[in-house]
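# Fold and geometry: a report
If you want the building blocks of each chain, they are given just below.
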Amino acid sequence: MLQHGNGLRLASRTRQNCLALPTPLCYGSNANIKGLRRYATQQATHNVAVLGGGITGLASAYYLTKELPRARITIYEASDRIGGWLSSKRVPVKDGTILFEAGPRTLRPVSNGVLSARLIQELDLAKDAIFPQDSSPAARNRYVYYPDHLVQMPHPSYGIAENLWSLMTEPIFKTALISGLTEIFGNARSSDIQDESVGDFFSRRLSKTVVDRILSAVLHGIYAGDAWQLSAKSLFPSLWRNEANAGSIFAGVMKSRAEGIEMTKREADFLHEMRSYPWDPLLEGTLKRSTVFTFKDGLGMLVDRMARYLLEHGSVEFKTSTPVEDISLSDDRSSIRITSKGGQAHDYAHAISSLSPAHLNLVNKNAGPRSLIPHIPSVTVMTVNLYYRTPDLNPPGFGYVIPLATPFENNPERALGVVFDTAYSPSPKDLDASNWQINNIEQLKQARENGQLVNVNDFAWYNMPDKPVIQDDVKERGTKLTVMLGGHWWNDWPSFPDEQEGLALAKGVVQRHLNITEEPEAFSVNLQADCIPQYTVGHEQRLKTAHDNLSRQFKGRLRVAGNWMSGVGVNDCLRSAYDVVRGLKAGRDGTGLEQVGTTEYVRLKPVKVGKKAEEQ
Ligand SMILES: C=Cc1c2[nH]c(c1C)Cc1[nH]c(c(CCC(=O)O)c1C)Cc1[nH]c(c(C)c1CCC(=O)O)Cc1[nH]c(c(C)c1C=C)C2
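Parameters and conventions
- Residues numbered from 1 in each chain as written.
- Predicted model: local features only at pLDDT ≥ 70, side-chain atom pairs only at ≥ 80, totals over all residues.
- UniProt positions renumbered as here; feature names shortened; annotations may be inferred.
- Helix = DSSP H or I, 4+ residues; strand = E, 2+ residues; numbered from the N terminus.
- Buried ≥ 20, exposed ≤ 12 C-beta atoms within 10 Å, placed from the backbone.
- Axes fitted to C-alpha atoms, helices over the stretch in contact; angles between N-to-C directions.
- Parallel < 35°, antiparallel > 145°, perpendicular 65-115°, else oblique.
- Left-handed = near helix turned anticlockwise from the far one by under 90°.
- Contact = placed C-beta atoms within 7 Å.
- Nonpolar A, V, L, I, M, F, W, Y, C, P; charged D, E, K, R; others polar.
- Near = placed C-beta within 6 Å.
- Domains from an automatic or database assignment.
- Pairing = 2+ DSSP bridges.
- pLDDT = per-residue confidence, 0-100.

As annotated in an unreviewed UniProt entry, the protein is Protoporphyrinogen oxidase from Salinomyces thailandicus. According to the UniProt record, the Catalytic activity (unreviewed entry) comment for the protein is "protoporphyrinogen IX + 3 O2 = protoporphyrin IX + 3 H2O2". What the UniProt record of the protein gives under Pathway (unreviewed entry) is the line "Porphyrin-containing compound metabolism; protoporphyrin-IX biosynthesis; protoporphyrin-IX from protoporphyrinogen-IX: step 1/1."

See the structure below:
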């Protein structure tokens, strides 16, 4: 089992750095000479450098091995650890160990998530996966803290009466119902407006109250960002287009229902391509009712398994503890030169950068007075994992987010939200058949034999093994929470809270909002510097400028991928890696940003893993 504590740590060597794992392809050892010879005799069609060893860099290398099997790939990573901010660690508690996630904790198998779902199959992760079902409280119960209590967000499963009552009586929904019902009558924006903040857009279409009390909370939970800074055009492209084309969001939604969803041709092609994937029918069936999935040892397992695959593939070299210092085009433009620390230079046919824009600008010494990528701001998030001995200290559900409008005295720590981690992963109790909602074990066995999905206490496992996997290896599980701090609230702060301060802030939050006064049995404080790029107003234009600059300076030899272009999540990183490699394979002189501002649209019915899309 790999150590998940700090992700995969890589040992550094003077001549060549290689993974500190027993691998037949660790370049320093004799055992590998054969492999290297085989390697040299193959005619490499592409010699590609991948800059950055986070999930985007690893996925780029992974898709390169699939799409260009003869490519030789070198991954440059500045630190001795790969995986970026996907970081899962196991911590000891009195009766065993529990799993803490410092970054993302679950993945969705829809839209770009079809790629992460495919990785379950391709990296043989099905037996390690846990699939919370759409019937689970984590999928149904979402809360917003406003103004001084948790408010459950409406959900179809609660019934019309309960939802309506909540909409009419909770202060958070003030103006929501009426502004929703009258949205269709609002004037469409003037054609002069090229972009505006999410706050401005929804204030016009709905109301400022809806933005400050509800929408800002949703944006905290995804971008840790400020609704009044983030771009409506980049975050809500289809609603933005609905207003322009149909006159209102509502009219656009009705049109989509009648005629199919409008999307870019590129998106439609992607969905079409995903349809023909040769799914293992049992995995496909399991994914159908799963809103999210995770793994026994957390999302860190995805990184570990991918790294292992790359090592075993034999055409991938990891250069860890090797910061890139310069990138330049050769004089005849036939190759790109990567210079790393100590002045070592290597030439490649192509490079894929998964570095942040700021980092890429820093290592691009030849850009002249203008930077290669215009400034794209990012926020720092502190995640504080807390584990309490007492179970069920939180109400059942996903967790809660806190909107801008929550009064300061009710959120002086300026927290963004709290995740109820125990909702996402089954407890040892869920493995005890006497606690199962299914009372006919014979039926369960039969279902399993027929390759059908078995839902046990709102969780599913691949083929319902006799010993289903769980994350928290304890006799009696307590309560596990993650408090999210920082984001845009910490913009321009010269320094951030240290571990003790972070812990104190998190304890303050859960005491005030959830009445938890118990001391945590275990905790972990993680500062994720500049981890979420902010797509602020004008983002699309900045990406177009970046595309032009990259094209002009690197003539198709340098492409970019990552969470700063078309989505900040792990699934979006996979998608951007996938696209960049496909572009490279197609031989286009791309930059990874050529799709920005595309104008070719088609109408399609939506697709989820296991369901078919119908092109119209
Ligand atoms: C760890 C902090 C993160 C915050 N946002 C993101 C991360 C990784 C990125 C993100 N979070 C969500 C999405 C939407 C797509 C999706 O996969 O669901 C993205 C791109 C949704 C989300 N938000 C929270 C959770 C548990 C999830 C599900 C996915 C995941 O495991 O991250 C909770 C949450 N995340 C952040 C805050 C402030 C927050 C508050 C409760 C910031």
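### Re the overall build of the protein
The helix and strand tally for the protein stands at 19 helices and 25 strands. Relative to its full complement of 616 residues, the protein shows a buried share of 45%.

### Quick word on the packing of helix α2 (residues 55–67) against helix α19 (residues 570–586)
In contact at an axis separation of 8 Å, α2 and α19 are set at 40° when each is read in the N-to-C sense. Looking at the two axes, α2 sits oblique to α19. Regarding α2 and α19, the two cross each other, and that crossing is right-handed. In this structure, α2 contributes Ile55, Thr56, Ala59, Ser60, Tyr63, Leu64 and Glu67 to the contact, and α19 contributes Val570, Cys573, Leu574, Ser576, Ala577, Tyr578, Val580, Val581, Arg582 and Lys585. Among the residues making up the contact of α2 with α19, the classes are represented as eleven nonpolar, three polar and three charged.

### Description of the site of the ligand
Around the ligand, a shell composed of 20 residues is seen, among which Pro104, Leu416, Gly417, Met484 and Gly569 lie nearest. The set of elements that each furnish at least two residues to the shell around the ligand consists of α8 (208–223), β17 (378–388), β18 (399–401) and β19 (415–420). Among the elements that make up the shell around the ligand, the one with the highest residue count is β19 (four residues). Grouping the constituent residues of the shell around the ligand by class yields ten nonpolar, eight polar and two charged. Both of domain 2 (91–138 + 288–295 + 378–533) and domain 3 (154–271) provide at least three residues apiece to the shell around the ligand.

### With respect to the environment of alanine 522
Relative to the helices and strands, alanine 522 resides in strand β23 (residues 522–533). Ignoring anything within four residues of it in the chain, the contact list for alanine 522 reads Val91, Val93, Ile98 and Tyr387.

### Thoughts on the sheet that holds strand β21 (residues 473–474)
Strand order in the open sheet formed by three strands is β5-β6-β21, with antiparallel pairing between adjacent strands. Lying at the two open borders of the sheet, with one neighbouring strand each, are β5 (88–93) and β21. As judged from the two bridges shared by strand β6 (residues 96–101) and β21, these two strands associate in the antiparallel manner. Within β21, the residue paired with threonine 97 across the bridge is aspartate 473.

### Topic: the pairing of strand β22 (residues 479–486)
Within β22, eight of the eight residues are buried, which leaves it mostly tucked inside the rest of the structure. With eight bridges joining them, β17 and β22 adopt antiparallel strand pairing. The partner of tyrosine 387 across the bridge, within β22, is lysine 480.

### A closer look at unusual backbone geometry
Note the cis peptide between tyrosine 146 and proline 147, where omega equals -25°. Counting through the fold element by element, proline 147 comes out in the loop between β8 (142–145) and β9 (150–152). Of note, the phi angle at aspartate 124 is positive, near 55°, even though the residue is not glycine. With respect to the helices, strands and loops of the structure, aspartate 124 is situated in the loop between α3 (113–122) and β7 (129–132). Overall, the presence of 11 C-beta atoms within 10 Å leaves aspartate 124 in the exposed class.

### Quick notes on the confidence of the model for the protein
Close reading of the predicted structure is inappropriate where its pLDDT is low. The predicted model of the protein averages 88 in pLDDT, with 90% of residues at 70 or higher. Confidence over residues 1–44 falls short of pLDDT 50; this stretch has 78 contacts with residues more than four positions distant or in other chains. Ignoring residues within four places in sequence, the model shows residues 612–616, a span with pLDDT below 50, making 14 contacts including any to other chains. Interface predicted TM-score (ipTM) for the complex: 0.96; the corresponding pTM is 0.91.

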